[in-house]
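What the coordinates show
These are the residues of each chain, in order.
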Amino acid sequence: MSEKHLSTELIHTGDGRICRELGASLSAPETLPIYLTSVFAFDDVESADAVYEHESDGYIYSRMANPNADAVSKIIASADGTETALVFSSGMAAITTAILSFVKTGDHIVASNVLYGGVHDYLSNEVKRFGIETTFANFAKEDISKLIRPNTKIVYVETISNPLMDVPDIAELAEAAHANGALLFVDNTFATPVVARPHSLGADVVLYSATKYLGGHSDIVGGAASAKSSLIDEIKRYQVLYGSIMSPSDCWLLARSLRTLELRMKRHSSNAVAVADFLSAHPGVEKVFYPGLPDSPSHEAAKRQFLGGNFGGMLSVNLKGGARAASSLIKELDMIQFVPSLAGTATTVSYAIKTSHRHYHPEELDAIGIIPGQVRFSIGLEDVDDIVRDISRALGKAQWI
Ligand SMILES: Cc1ncc(COP(=O)(O)O)c(C=O)c1O
């Protein structure tokens with residue numbers, strides 16, 4: 001019988017030291033357990049100091065590093081074909097921390113004018129507070145090298161743009177950025193490493209909203225950045241300062257999801273091709289935005305850069321009946337839910353001008369082609385016949401045809 005009191009027993013019995021006691025005799029678990037601990041304990045000051053000084057391996061405090069964050073980062077770096085990666089509390093945390101790591105007052109960024117609305121808002125408004133200027137451009141039409149200035153530090157683009165599904169020539173952008181000493185940042189959220197590997201085309205930092213396909217089940221909010229070690233070391237310095245880390249439980253869920261990323265992306269892609277074909281032939285549809293369609297202006301760039309004949313699971317459509325048709329379609333869909341996100345297992349629909357892109361000025365939206373008659377589908381993993389049936393039935397019931 002221990003001489004300690006109950007409250008003390010409750011606190012100390014079976015604490016983290018049990019791992020050391022079990023040590024060699026414990027069979028290795030097949031999957032990494034969740035290291036749900038904010039901090040790690042040391043036997044003495046010298047061994048703590050050695051870890052702080054990188055003289056020995058080990059963990060100190062979970063804002064700085066945690067085994068689950070390291071494990072999932074390794075999966076992402078390897079999928080992206082680069083040296084290392086970091087995971088974050090959200091896609092926005094990954095993107096804003098990575099940007100802040102390479103700019104200072106007086107610097108300049110060149111960015112595509114079609115971006116996820118939160119990033120557009122950040123680059124249009126927030127970085128201005130620090131004296132950083134952003135030039136937005138149509139990357140398909142304008143010569144980016146003409147927009148790069150001596151103080152340009154970052155060129156920023158999405159592999160498949162949200163929500164217009166434009167596909168830029170990443171190698172060309174990398175060349176323009178590097179010729180002028182800037183870094184190319186590519187948000188690969190819509191593509192994932194299964195569809196495109198921007199590092200192999202010259203990108204310097206690849207970014208993700210892991211909330212989307214990497215997580216893939218609509219149950220975590222997270223982000224990731226991958227790059228060569230020297231760049232990730234720089235980003236990590238700011239991540240530790242700002243504390244934008246992913247929790248060990250979410251890291252574990254993300255690692256589990258990544259095991260099936262390739263399977264999922266292939267099915268998302270093949271289902272999306274079938275839905276894009278169906279919508280292209282529908283009399284109520286004016287235009288389908290999907291890089292897998294042979295008549296898409298992005299098809300050639302996508303074929304050149306994308307992997308395994310996959311074009312991703314995201315597509316948008318302009319409806320002939322405008323805003324009324326869009327809201328009517330959203331209402332009439334039965335299996336397909338309206339959610340302001342994407343990339344889960346289920347097919348979903350969204351309405352960019354009132355959700356992800358509501359921070360754009362209406363004139364800007366109009367100029368780039370994000371219009372009231374446009375809806376965006378995230379094509380899921382269901383049997384494609386059921387997806388097409390729901391969309392077809394909803395289009396048929398909508399009053400405007
Ligand atoms: C392409 C893209 N990048 C970044 C983000 C931001 O990610 P999060 O919502 O995880 O912060 C989103 C969110 O929708 C997105 O669609």
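Residues numbered from 1 in each chain as written. Predicted model: local features only at pLDDT ≥ 70, side-chain atom pairs only at ≥ 80, totals over all residues. Heavy atoms only, no water.

1. Observations regarding the packing of helix α5 (residues 91-100) against helix α6 (residues 117-126)
Rules: Fitted lines through C-alpha atoms give the axes, limited to the stretch in contact for helices. The angle between two N-to-C directions lies from 0 to 180 degrees. Helix and strand assignments follow DSSP, with helices taken as H or I runs no shorter than four residues and strands as E runs no shorter than two, numbered in order from the N terminus. We call two directions roughly parallel when the angle between them is under 35 degrees, roughly antiparallel when it is over 145, roughly perpendicular when it lies between 65 and 115, and oblique otherwise. Definitions for this section: a left-handed crossing has its near helix turned counterclockwise from the far helix by less than a right angle. A right-handed crossing has that turn clockwise. Throughout, a residue-residue contact means that at least one pair of heavy atoms, one from each residue, lies within 4.5 Å. In this count, Pro and Cys sit with the nonpolar residues alongside Ala, Val, Leu, Ile, Met, Phe, Trp and Tyr, while Asp, Glu, Lys and Arg are called charged and the others, Gly among them, polar.
Running from N to C, α5 and α6 cross one another at 30°; their axes reach a closest spacing of 10 Å. Comparing the axis directions of α5 and α6 gives the class roughly parallel. Relative to α6, α5 is oriented so that their crossing is right-handed. Residues Met92, Ile95, Thr96, Ile99 and Leu100 of α5 form the contact with α6, whose participating residues are Gly118, Val119, Tyr122 and Leu123. Across the contact of α5 with α6, the residue classes tally to seven nonpolar, two polar and no charged.

2. Concerning the pairing of strand β7 (residues 223-227)
Operational definition: Each residue is assigned to one of three classes by its accessible area relative to the maximum for its type, calculated with a 1.4 Å probe on protein chains only: buried under 20%, partly exposed between the two thresholds, exposed over 50%. For two strands to count as paired, DSSP must find a minimum of two bridges between them.
In terms of residue burial, β7 counts as a mostly covered element, since five of its five residues are buried. Every second residue of β7 is oriented toward a common face, with Gly223, Ala225 and Ala227 on one face and Ala224 and Ser226 on the other, all of them buried. Direction of pairing for strand β1 (residues 84-88) relative to β7: antiparallel, over a ladder of five bridges. Directly across from alanine 85, in β7, lies its bridge partner serine 226.

3. Concerning the pairing of strand β12 (residues 374-378)
Counting buried residues in β12 gives five out of five residues, a clear majority hidden from the surface. Burial along β12 is two-sided: the residues Gln374, Arg376 and Ser378 and Val375 and Phe377 are all buried. Relative to β12, strand β11 (residues 348-350) is paired through three bridges, and the arrangement is antiparallel. Paired with valine 349 across the bridge in β12 is phenylalanine 377.

4. Considering unusual backbone geometry
The residue after asparagine 162, namely proline 163, is reached through a cis peptide bond having omega 5°. Within the secondary structure, proline 163 sits in the loop between β4 (152-158) and α7 (170-179). Despite not being glycine, threonine 192 shows a phi value in the positive range, around 70°. Locating threonine 192 in the fold gives a position in helix α8 (residues 192-195).

5. Some thoughts on empty space enclosed by the protein
Filter applied, for reference: Cavities and pockets were defined on a 1 Å grid built from protein atoms only: a cavity is a group of points that admits a 1.4 Å probe but offers it no way out, a pocket is an open group of points flanked by protein on both sides within 12 Å along at least five of seven lines, and a lining residue is one with an atom within 4 Å of any such point. Grid points are joined across faces, edges and corners, and a volume is the space filled by probe spheres set on the points.
According to the stated counting rule, one finds one cavity of 30 Å³ or more in the structure shown. The space that makes up the largest cavity amounts to roughly 30 Å³.

6. Here's the deal with the pattern of salt bridges
Where we set the bar: The term salt bridge refers to a pairing of a side-chain nitrogen on Lys or Arg with a carboxyl oxygen on Asp or Glu at a separation within 4 Å.
Under the defined criterion, the tally for this structure stands at 11 salt bridges. The salt bridge involving aspartate 107 is made with lysine 153; its shortest N-O contact spans 2.9 Å. Of this pair, aspartate 107 sits in the loop between α5 and β2 (108-112) while lysine 153 sits in strand β4, and the two are 46 residues apart along the sequence. The partner of arginine 393 in a salt bridge is aspartate 390, and the shortest N-O contact between them spans 2.7 Å. Pair noted here: arginine 393 and aspartate 390 are both in helix α15 (residues 384-397), with a separation of three residues, about one helical turn. Shared partners join several salt bridges into a network, and the residues in it are Lys104, Asp107 and Lys153.

7. Focus: the site of the ligand
For clarity, the cut-off: Throughout, the term near means that a residue has one or more heavy atoms lying within 4 Å of the molecule or strand in question. N or O atoms within 3.5 Å of each other form a polar contact, as long as, within protein, one can give a hydrogen and the other can take it, and as long as residues adjacent in sequence are counted only when both atoms are side-chain atoms. Each accessible area is a Shrake-Rupley estimate made with a 1.4 Å probe; only the visible protein chains count as cover when residues are assessed.
In the vicinity of the ligand lie 14 residues, with Met92, Asp187, Ser209, Thr211 and Lys212 positioned nearest. One of the side-chain nitrogen or oxygen atoms of asparagine 162 is found 3.1 Å away from an oxygen atom of the ligand. The separation between a nitrogen atom of the ligand and a polar side-chain atom of aspartate 187 is 2.6 Å. Protein burial of the ligand: of its 390 Å² of free accessible surface, 90% is covered by the chains. The biggest single contributor to the shell around the ligand is α5, with three residues. Its residues placed into classes, the shell around the ligand shows four nonpolar, seven polar and three charged.

8. Quick notes on α6
The buried count for α6 comes to seven of 10 residues, which makes it a mostly enclosed element. By the burial criterion, the buried members of α6 are Gly117, Gly118, Val119, His120, Tyr122, Leu123 and Ser124.

9. A word on the domain arrangement of the protein chain
Our working definition: Domain boundaries shown here were taken from an automatic or database domain assignment. As used here, buried area is the combined drop in accessible area, with a 1.4 Å probe, of two parts when they are placed together.
Assigned domains of the protein chain: these are domain 1 (62-258) and domain 2 (261-397). Taking only C-alpha atoms into account, the centre of domain 1 sits 24 Å from that of domain 2. Overall, the association of domain 1 and domain 2 removes approximately 3100 Å² of surface from exposure, summing both partners, and the carbon and sulfur fraction of that is 64%. Among the residues of domain 1 in contact with domain 2, Val194, Val195 and Tyr213 are the three that bury the most area, contributing 24% of the side total. Its salt-bridge partner being aspartate 169, residue arginine 304 comes within 2.9 Å of it at the nearest N-O pair. Those elements that place two or more of their residues in the side of domain 1 that touches domain 2 are α6, α7, α8 and α10 (248-258).

10. Comments concerning the sheet that holds strand β6 (residues 205-209)
One open sheet holds the seven strands; their spatial order is β1-β7-β6-β5-β4-β2-β3, and the pairing between them is mixed. Two strands lie at the open edges of the sheet, namely β1 and β3 (133-137), each paired on one side alone. Here the average twist between neighbouring strands, direction ignored, is 20°. Pairing between β2 and β3: five bridges, direction parallel. Counted as the bridge partner of serine 112 is alanine 137 from β3. With respect to the sheet, helix α4 (residues 67-80) is in contact with β1, β6 and β7, its orientation differing from that of β1 by roughly 125°.

11. Side note on helix α11 (residues 261-280)
To keep things clear, this is the line we draw: Expected span, for any helix, means 1.5 Å times one less than how many residues it has.
Its 20 residues give α11 an end-to-end C-alpha distance of 28 Å, which sits within 8% of 28 Å, the value for a rise of 1.5 Å per residue. All buried positions along α11 are accounted for by Leu261, Arg264, Met265, His268, Ser269, Asn271, Ala272, Val275, Ala276 and Leu279. In this fold, the buried residues of α11 make contact with α8, α10, β8 (285-289), β9 (314-319), β12 and α15.

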